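# Architecture and fold: a report
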Amino acid sequence: MENPHASVATTVKFLRTRKPDKEGVLSATAPGLCGVVVGAASAERACFFLDALARTLEEVGLSLTAAGEKMSVQKGADKISFTLLERTRRLKYVPTPEEIAREEKRKERQARSLRRNDWDSVSFGSRPPWPEYVTAWTGELVFSIDAWADGLRKTWGDGKTQRVERMVPEIVAGIELILETIRVRREECEERERQWKILQHRRQLAQARLKREETRLSHLRQIIELRREAREIREWISGLPQEASLAVDSDLGRMLQWVPPAQASAPAD
């Protein structure tokens, strides 16, 4: 592979030219890279896989984006991310003969120091100077999709005879299926949200209508009460003796002078 796809070219260059760390690992996780973490021995296989994946995605109208920690593709409003990693195993560390020999010499020196009561030369530690466990890179690549998939396949990895780079068409078909599933779920959620907003709007209209009815009813009751009071006043006036209207200098007379204007402002029957 001399001309890798443009979307993965930077990652391919990184895997091919960067020196692995002290554990023999290449981590292409910086901005603009594809988030690939593999042992140095698997670097070329990872490059081949990335190129094949990008080209096959392009054939179905999808563009691979290198997103640093991961890769991603987007179709419309829907986006999914995925990674390519190498499987590891945690193994019990087996010291080399040289390490065992150095440890035995150290113990002998410590024993001599103890016999001489030379406590400054004694190190009080019982654990050997090597790790108890180490991480072993298996050479097995695993491609994983980071998305809700509702029972759909999201992981493809090396098997006894199968290799992940030969599964690229199947992987791309899986990506398309998951994107379609996410689209359907999103549209269903959007439709539920739309229906909920319609229901909320109708509820608000009903509450506003109820409030208007309550206000109208309260106003009607006030009008009825005012009319009742006006009727009672008229009945009271009509029941007064005729001479009561002449005594204008009395409290009753002044009341009778005030009642007509007040009565005129009351609602008519």
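Calculation rules
Residues numbered from 1 in each chain as written. Predicted model: local features only at pLDDT ≥ 70, side-chain atom pairs only at ≥ 80, totals over all residues. Heavy atoms only, no water. Helix = DSSP H or I, 4+ residues; strand = E, 2+ residues; numbered from the N terminus. Buried < 20%, exposed > 50% of the residue type's maximum accessible area, 1.4 Å probe, protein only. Contact = heavy atoms within 4.5 Å. Areas by Shrake-Rupley, 256 points an atom, 1.4 Å probe, with all protein chains shown as cover. pLDDT = per-residue confidence, 0-100. Patch = residues over 30% accessible without salt bridge, like charges linked within 9 Å, V, L, I, M, F, W, Y side chains within 5 Å. Salt bridge = Lys/Arg side-chain N within 4 Å of Asp/Glu carboxyl O. Axes fitted to C-alpha atoms, helices over the stretch in contact; angles between N-to-C directions. Parallel < 35°, antiparallel > 145°, perpendicular 65-115°, else oblique. Nonpolar A, V, L, I, M, F, W, Y, C, P; charged D, E, K, R; others polar. Polar contact = N/O pair within 3.5 Å; in protein donor to acceptor, adjacent residues only side chain to side chain. Arc of directions from axis to C-beta. Phe/Tyr/Trp six-rings, centres within 6.5 Å; stacked < 30°, edge-to-face > 60°.

As a further point, take the overall build of the chain. If you tally the helices and strands in the chain, you get five helices and seven strands. Among the 269 residues that make up the chain, the fraction classed as buried is 28%. The long-range fraction of contacts in the chain, counting pairs at least 24 apart against all pairs at least 6 apart in sequence, stands at 62%. Of the roughly 18,300 Å² of accessible surface on the chain, 53% is carried by carbon and sulfur atoms.

It is worth spelling out the confidence of the model for the chain at this point. Confidence along the chain averages 85 in pLDDT terms, with 83% of residues attaining 70 or more. Mean pLDDT across the secondary structure elements of the chain bottoms out at helix α5 (residues 251-265), with 63, and peaks at helix α2 (residues 43-59), with 95.

In this section: a nonpolar patch on the surface. Side chains of Leu 217, Leu 220 and Ile 224 sit close together on the surface and give an oily, nonpolar patch of about 260 Å² of accessible area. When you line up the elements, Leu 220 lands in helix α4 (residues 168-238).

This part is about the environment of Lys 75. Locating Lys 75 in the fold gives a position in strand β4 (residues 71-75). Along the chain, Lys 75 and Ser 63 lie 12 residues apart, while their C-alpha atoms are 8.8 Å from each other.

Attention now goes to the packing of helix α1 (residues 9-17) against α2. Contact pair α1 / α2: the axes reach a minimum separation of 9 Å and the direction vectors enclose 170°. On the basis of their axis angle, the class for α1 and α2 is roughly antiparallel. Contacts between α1 and α2 involve Thr 11, Val 12, Leu 15 and Arg 16 from the first element and Ala 43, Glu 44, Ala 46, Cys 47 and Leu 50 from the second. When grouped by side-chain class, the residues that make up the contact of α1 with α2 number six nonpolar, one polar and two charged.

Take the side chain of Asp 51 next. Mapping Asp 51 onto the fold places it in helix α2. Of the polar contacts made by the side chain of Asp 51, one reaches the backbone nitrogen of His 5; its length is 2.7 Å. In this view, Asp 51 contacts Met 1, Asn 3, Pro 4, His 5 and Val 8; residues no more than four positions away in its chain are not counted.

Moving on, we get to α1. Listed in full, the buried residues belonging to α1 are Thr 11, Val 12, Phe 14 and Leu 15. For α1, the arc enclosing every buried residue in end-on projection is 160°, short of the 170-degree limit, so these residues lie on one face. Opposite its buried face, α1 presents the exposed residues Lys 13 and Thr 17, each directed more than 90 degrees away. Buried residues along α1 sit against β1 (25-28), β2 (36-39) and α2.

What follows is about the pattern of salt bridges. Enumeration according to the criterion identifies 16 salt bridges in this entry. Here Arg 45 and Asp 158 are joined by a salt bridge, their closest N and O atoms 2.9 Å apart. Linking Arg 45 in helix α2 with Asp 158 in the loop between β7 (155-157) and α4, this pair joins segments that are 113 residues apart in sequence. Of the residues examined, Arg 45 reaches a relative accessible area of 21% and is grouped as partly exposed. Linking Arg 87 and Glu 140 is a salt bridge whose minimum nitrogen-to-oxygen distance equals 3.0 Å. Of this pair, Arg 87 sits in strand β5 (residues 78-92) while Glu 140 sits in strand β6 (residues 133-146), placing them 53 residues apart in sequence. For Arg 87, a relative accessible area of 32% translates into the label partly exposed.

Here we take up the packing of aromatic side chains. Tallied over the full model, the rule gives three aromatic pairs. Between Phe 49 and Phe 143 the ring centres are 5.6 Å apart and the planes differ by 55°, which places this aromatic pair in the tilted class. In this pair, Phe 49 sits in helix α2 while Phe 143 sits in strand β6, placing the two residues 94 residues apart along the sequence. When its relative accessible area of 0% is taken as the criterion, Phe 49 is described as buried. Given the relative accessible area of 0%, Phe 143 is considered buried. Judged by centre distance (6.2 Å) and plane angle (50°), the ring pair of Phe 143 and Trp 156 falls under tilted. On the criterion of sequence distance, the pair formed by Phe 143 in strand β6 and Trp 156 in strand β7 is long-range, its members being 13 residues apart. Both residues of the pair, Phe 143 and Trp 156, count as buried. By way of ring pairs, the aromatic residues Phe 49, Phe 82, Phe 143 and Trp 156 are connected into one cluster.

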